[in-house]
Amino acid sequence: MYHRTRIRLVATVAAAGICALGLTACDSGDSGDTVTDKPKAKASAPASAEATTDDKPAAKEPADPATPDVAKVGDTIALKGLEDGSKLDVTVVKVADPAKSSDEFSTPGSGKRFVGVQFKLVNTGTAAYSDSPGNGAKVTDTDGQQFQPTFADIIAGPSMSSDVRLKPGAKALGWVVFEVPKGSKTDTVQFAMNSGMANQTGEWKLS
């Protein structure tokens, strides 16, 4: 698993380098790196047929007040990858903090704890998605310290696969585990496509 992940990451870095040279295979719509914390609006119920008459158009529905300005747990962010047609809807479904290991072999280091984040990925693009999603995730605490994922399974549920391949419309669900100091308060979690090399990064508030 470690070997496969390293190969995938190297391949992704190479792809990012090719995009920097401006080849047409890559999405040229982004002028630079961006971090977005704007969630997608939640679907609202369709307007009633009684709301429209021949003389009076249907009133405009107000924006959904339940849609927050900043993405939090349960919200979805639409992200783009480096290649044309590469898009995901990414949802932070749940957070387990602290998270308990599912076996005696995976335990956090001294003075540390596991934090689990459950991600749901839906391929909304026209191209197939193939990546190791955990490589593109990181947690930040309120002091600004950032933490990368670690290899561990937790009792909260199955881990996200290290080799996810999704055709358009397909989805994947799984936990990504981080090792964080016991005294740290988690603040945000970020996710980017292409093992973290994509120009666009999604950010969710945890605290």
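Residues numbered from 1 in each chain as written. Predicted model: local features only at pLDDT ≥ 70, side-chain atom pairs only at ≥ 80, totals over all residues. Heavy atoms only, no water.

## Notes on the pattern of salt bridges
- Applying the stated rule across the entire model yields seven salt bridges.
- One salt bridge in this structure joins Glu179 and Lys112, with 3.8 Å as the shortest N-O distance. Taken as a pair, Glu179 in strand β10 (residues 171-181) and Lys112 in strand β4 (residues 112-123) lie far apart in primary sequence, 67 residues in all.
- The exposure class assigned to Glu179 is partly exposed, which follows from its relative accessible area of 22%.
- The exposure class assigned to Lys112 is partly exposed, which follows from its relative accessible area of 36%.
- A salt bridge links Arg165 to Asp163, with the shortest nitrogen-to-oxygen separation between them at 3.3 Å. (Salt bridge = Lys/Arg side-chain N within 4 Å of Asp/Glu carboxyl O. Helix = DSSP H or I, 4+ residues; strand = E, 2+ residues; numbered from the N terminus. Buried < 20%, exposed > 50% of the residue type's maximum accessible area, 1.4 Å probe, protein only.)

## A word on the environment of Ala78
- Turning to its location among the elements, Ala78 is positioned in strand β2 (residues 76-80).
- Here Ala78 falls in the partly exposed class, since its relative accessible area comes to 39%.
- Here Ala78 is in contact with Lys40, Leu88, Asp89 and Gln200, once residues within four sequence places are set aside. (Contact = heavy atoms within 4.5 Å.)

## Brief notes about the nonpolar core
- Counting residues in each nonpolar core, the largest one holds 26 residues, and the members touching the most others are Phe119, Leu121 and Phe191.
- Contributions of two or more residues to this core are made by β2, β3 (87-99), β4, β6 (137-141), β9 (164-166), β10 and β11 (186-192).
- Residues within four places of Leu121 in sequence aside, it is in contact with Leu88, Asp89, Val90, Tyr129, Pro133, Met160, Leu166, Ala170, Lys171, Ala172 and Phe191.
- In this structure, Ala96, Ala152, Trp175 and Val177 belong to the second largest nonpolar core, which totals seven residues. (Core = buried A, V, L, I, M, F, W, Y, C linked by side-chain atoms within 4.5 Å.)

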